[in-house]
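Coordinate analysis (summary)
The chain contents come next:
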Amino acid sequence: MIWIEKVNWLDKDNGEAYIYLTDGIYRVVCFSSSFYEDVELKFNGTIYSYEAENVYKKFDEKCEIRKNDDGIYHLEGKMVDRENKIVRIGEFLISLSDSQIDKDIQLNDYIE
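As the structure is a computational prediction, the values presented were derived from the model and not from experiment.

Let's shift gears to the pairing of strand 3 (residues 27-32). Along any regular strand, the residues point their side chains to alternate faces of the sheet. Only one face of strand 3 is covered, namely the face carrying Val28, Cys30 and Ser32; the face carrying Arg27, Val29 and Phe31 is uncovered. Looking at chain direction, strand 2 (residues 16-22) and strand 3 are connected through 6 bridges and run antiparallel. Within strand 3, the position partnered with isoleucine 19 by the bridge is cysteine 30. In this structure, the hairpin formed by strand 2 and strand 3 is closed by a connection of 4 residues, where glycine 24 is found at a positive phi of approximately 95°.

Moving on, we get to the pattern of salt bridges. Pairing between side chains of opposite charge can happen when the charged atoms of each approach one another. If you walk through the whole model with that rule in mind, you get 6 salt bridges. With a shortest N-O distance of 2.5 Å, glutamate 5 and arginine 27 are connected by a salt bridge. Of the two residues, glutamate 5 sits in strand 1 (residues 2-11) while arginine 27 sits in strand 3, which places them 22 residues apart along the sequence. On the basis of relative accessible area, glutamate 5 is assigned to the partly exposed category, the value being 37%. The closest approach of N and O atoms between aspartate 60 and lysine 58, which form a salt bridge, is 2.7 Å. By relative accessible area, which is 40% here, aspartate 60 ends up partly exposed. What you see here is one network of salt bridges that share partners, running through Lys58, Asp60 and Glu76.

The rules behind these values
- All residue numbers refer to positions counted from 1 along the written sequence of the respective chain.
- pLDDT decides what is reported in this predicted model: residues at 70 or higher carry local features, side-chain atom pairs at 80 or more are listed and counted, and totals for whole chains, interfaces and linings draw on all residues regardless.
- Heavy atoms throughout the structure, all of them, feed into the side-chain values; hydrogens and water do not.
- Under the scheme applied here, a residue whose accessible area is under 20% of the maximum for its type counts as buried, over 50% as exposed, and between as partly exposed, the area being computed with a 1.4 Å probe on protein chains only.
- Strands here mean DSSP runs of E at least two residues long; helices mean DSSP runs of H or I at least four residues long; both are numbered from the N terminus.
- In this description, strands pair whenever DSSP reports at least two bridges between them.
- By convention in these notes, a salt bridge is any Lys or Arg side-chain nitrogen within 4 Å of a carboxyl oxygen on Asp or Glu.

Remember, this is a structural readout, not a statement about activity or role.
This is how it looks when you write it as structure tokens:
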């Protein structure tokens, strides 16, 4: 289960905010342009990445979400929906839909 841990409003009237999400192990901060929820509610949905680069198959089953010093996330997870480019990391489902995914990456492969 993923919870909304914190909300930093940029424009509450227009629903623009940075949303802090956690599954108890991993934590991500996402931008939303149509957010009208409260803190401590469950989040049921997919997070959409923006311009993921250098996606490749890895040969261990390690999952990780790490925010680099430049503010960009480094993700390692399991491909759970090849057609829609959905990766699972803990309870998070993250869409890489606008990213190039090599054809050698198949369902249930681990990527980073």
